[in-house]
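If you want the building blocks of each chain, they are given just below.
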Amino acid sequence: MLAIYLVLLILALGTIWVGLKIAEEVYRIAVVFTGIILLVMGFVSAPSFVQIGCVLLLLGVYQFYVSQSKFNMLFRKEIEAVKTVKCVGPDCE
């Protein structure tokens, strides 16, 4: 039997991707909203092991994103600290 939830999930991701590429704002909102509805329908119709796998994958991506933003914030502060030191030595004004 054809796994309809896979078709819905792939169709939803494709629809959202295409919707983000559309220049017109109203059409973009409509297409992305349609993709979100398809994503929810595919997620609900999927078996529990696929749902748990998707949730664990999203949690992993979230943890990676949070650690990257903390690293970028620390890196930015170090660059700003280096930029504030303009001159070091006896000839500075």
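To keep things clear, this report deals only with the structure shown in the data block. (Residues numbered from 1 in each chain as written. Predicted model: local features only at pLDDT ≥ 70, side-chain atom pairs only at ≥ 80, totals over all residues. Heavy atoms only, no water.)

**A short note on the side chain of Thr15**
Part 1: By the element assignment, Thr15 lies in helix H1 (residues 4–21).
Part 2: The residues contacting Thr15, other than those within four sequence positions of it, are Val31, Gly35 and Leu38. (Helix = DSSP H or I, 4+ residues; strand = E, 2+ residues; numbered from the N terminus. Contact = heavy atoms within 4.5 Å.)

**Here's the deal with H1**
Part 1: With 18 residues, H1 should cover 26 Å at 1.5 Å per step; its first-to-last C-alpha distance of 26 Å lies within 8% of that length.
Part 2: Burial in H1 covers these residues: Tyr5, Leu8, Leu9, Ala12, Thr15, Ile16 and Gly19. End-on view of H1: buried residues confined to an arc of 130 degrees, all on one side of the axis. Every exposed residue of H1 that faces more than 90 degrees away from the buried side is listed here: Ile10, Leu13, Trp17 and Lys21. (Expected span 1.5 Å × (residues − 1). Buried < 20%, exposed > 50% of the residue type's maximum accessible area, 1.4 Å probe, protein only. Arc of directions from axis to C-beta.)

**Looking at the environment of Ala12**
Part 1: Note on placement: Ala12 falls in helix H1.
Part 2: Sequence-wise, Ala12 and Leu38 are 26 residues apart; in three dimensions their C-alpha atoms are separated by 5.1 Å.
Part 3: Those residues in contact with Ala12 that sit more than four places away from it in its chain are Gly35, Leu38 and Leu39.

**Considerations on a nonpolar patch on the surface**
Part 1: A cluster of nonpolar residues, Phe43, Ile52, Val55, Leu56 and Leu59, forms a patch on the protein surface that exposes about 450 Å² of accessible area.
Part 2: For the nonpolar patch, the element with the most residues is helix H3 (residues 48–84), which contributes four residues.
Part 3: With respect to the helices and strands, the residue Leu59 is situated in helix H3.
Part 4: Residue classification places Leu59 among the partly exposed residues on the basis of a relative accessible area of 48%. (Patch = residues over 30% accessible without salt bridge, like charges linked within 9 Å, V, L, I, M, F, W, Y side chains within 5 Å. Areas by Shrake-Rupley, 256 points an atom, 1.4 Å probe, with all protein chains shown as cover. Salt bridge = Lys/Arg side-chain N within 4 Å of Asp/Glu carboxyl O.)

**With respect to helix H2 (residues 25–45)**
Part 1: End to end, H2 covers 30 Å across 21 residues, agreeing with the expected 30 Å (1.5 Å per residue, within 8%).
Part 2: Within the sequence span of H2, burial applies to Val32, Gly35, Leu38 and Gly42. Down the axis of H2, the sector holding all buried residues measures 120 degrees, keeping them to one side. Opposite its buried face, H2 presents the exposed residues Glu25, Val26, Ile29, Phe33 and Val44, each directed more than 90 degrees away.
Part 3: Buried residues along H2 sit against H1.

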